[in-house]
Amino acid sequence: MTRYADLHIHTFYSDGTDSPEEVVRQAKAKRLSCIAISDHDTLDAIEPILPVAADAGIEVLTGIELSTEHEGKDVHILGYCFDHHNEGFIARIREFQQARLERIKDILDKLKGHGIDNITLEEIQAMTKSDSLGRPHVAKKLIEKGWVRDNREAFERYLAEDGLAYVAKFRQTPREAIELLHAAGGVAVMAHPMVTKKDQIIPELVEAGLDGLEVFYPNFSQSVIMYYKTIAEKYQLLMTGGSDAHGKAKTNTSIGKKKIPYELVEKIKQAAQKRQGPQAGV
Ligand code: AMP
Ligand code: ZN
Ligand code: FE
Ligand code: FE
């Protein structure tokens, strides 16, 4: 029987709504053998999910989705199979969370400047179990309080790069994220290239040490997936994939909606082991 993995899942430690228990319950229902939590700029879900997944007989790869910026546009870099106890890595992630917190304060200030004065930082903080606060949290409050009709309007009017309350995140280049992941013994993967639409930077990311491309992603046609498969083959990149499930925060996907055969996971693990050297444990 072919075994499958979903390597792109968010929890309530960033902007998803599922607990680690809920993630494992759904992964089990979808008969997945292996999962990775890829929360935005936080490692907080990893320790809580390990015992729950072990009980269910599901393997967990360490994972994260790092925010980076290239010429003013968001580029997400996924990391896998790193040492989540690496002190340098943890320290840097703490900085990201602090920067996210400060940024949300700035966004709320800007919203106040536009008459939106009834969203508090405490309310936003109550939406996640960590300090990995993001624009989707603010969008949800804007909808709840009737300032906008839906998520799309929240981003178009206020939160997108050209929105009224836009605040840039901490500046990190894709190259810095790749180096950070390598220093922690992990592999670096360009997330959802079909969403990011910056294929022209793939050669320079490869040159910077990029290990993989997220070829398998939900809601795109087979021809788009084949296109990115060809690019991955051209640059000898690992192929990864997953659902990008966010629980109830994203309705067009769910755990297991996109899954990859376990052979691709083996390749990811082998690549990480090579980076870690012969002495390192798995
Ligand atoms: P942040 O991490 O705070 O920069 O928020 C990034 C997240 O916001 C992304 O992962 C998307 O889920 C969401 N997002 C970004 N841009 C848009 C957009 N134009 N419309 C809807 N959601 C968006
Ligand atoms: Zn997200
Ligand atoms: Fe992403
Ligand atoms: Fe994601």
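Residues numbered from 1 in each chain as written. Chains lettered and ligands numbered in written order. Predicted model: local features only at pLDDT ≥ 70, side-chain atom pairs only at ≥ 80, totals over all residues. Heavy atoms only, no water.

As summarised here, the arrangement of the 5 strands in space is β4-β5-β6-β7-β8, forming an open sheet in which the pairing is mixed. Where the open sheet ends on each side, the last strands, each with one partner, are β4 (63–70) and β8 (238–241). Taking the axes of each pair of neighbouring strands and ignoring which way they run, one obtains an average angle of 40° across the sheet. Summarising the sheet, strand β6 (residues 187–190) and strand β7 (residues 212–216) pair through 2 bridges and their orientation is parallel. (Pairing = 2+ DSSP bridges. Helix = DSSP H or I, 4+ residues; strand = E, 2+ residues; numbered from the N terminus. Axes fitted to C-alpha atoms, helices over the stretch in contact; angles between N-to-C directions.)

Before going further, it helps to spend a moment on the packing of aromatic side chains. Under the definition given, this model contains 4 aromatic pairs. With a centroid separation of 5.3 Å and 70° between ring planes, the pair formed by F12 and Y13 is classed as edge-to-face. Each of the two residues, F12 as well as Y13, counts as buried. Their ring planes at 65° and their centres at 5.0 Å tell us that F82 and F89 sit as a pair that is edge-to-face. Assigned by exposure class, F82 and F89 land together as buried. The ring centre of Y262 lies 4.1 Å from the NZ or CZ of R3, which sits over that ring. Over the face of the ring belonging to F12 we find K129, whose NZ or CZ atom lies 5.2 Å from the ring centre. (Phe/Tyr/Trp six-rings, centres within 6.5 Å; stacked < 30°, edge-to-face > 60°. Buried < 20%, exposed > 50% of the residue type's maximum accessible area, 1.4 Å probe, protein only. Lys NZ or Arg CZ within 6 Å of the ring centre and 35° of its normal.)

For helix α2 (residues 46–56), the set of buried residues is I46, I49, V52, A53 and A56. All buried residues of α2 fall inside an arc of 135° around its axis, so they share one side. More than 90 degrees from the buried face of α2, the exposed residues found are A54 and D55. Phi turns positive, to about 75°, at G57, one or two residues after α2. (Arc of directions from axis to C-beta.)

Glancing now at the environment of L43. Following the sequence through the fold, L43 ends up in the loop between β2 (34–37) and α2. Setting aside its immediate chain neighbours within four residues, L43 contacts G63, I64, F82, H84, F89, I90 and I93. (Contact = heavy atoms within 4.5 Å.)

A few words on the coordination of the zinc ion (ligand 2). Taken together, D15 (OD), D15 (OD), H40 (NE2) and H246 (NE2) make up the protein donors of the zinc ion (ligand 2), found 2.0 to 2.5 Å from the metal. For the zinc ion (ligand 2), the 4 donor atoms in the first shell make angles of 53 to 133° at the metal, so the coordination geometry reads as irregular. Along the chain, the residues that donate to the zinc ion (ligand 2) are spaced as D-x24-H-x205-H. (Donors = N, O, S within 2.8 Å, 3.2 Å for Na, K, Ca; no water. Tetrahedral: all angles 85-135°; square planar, octahedral: opposite > 155°, others 65-115°.)

This is a description of form; function is not addressed.
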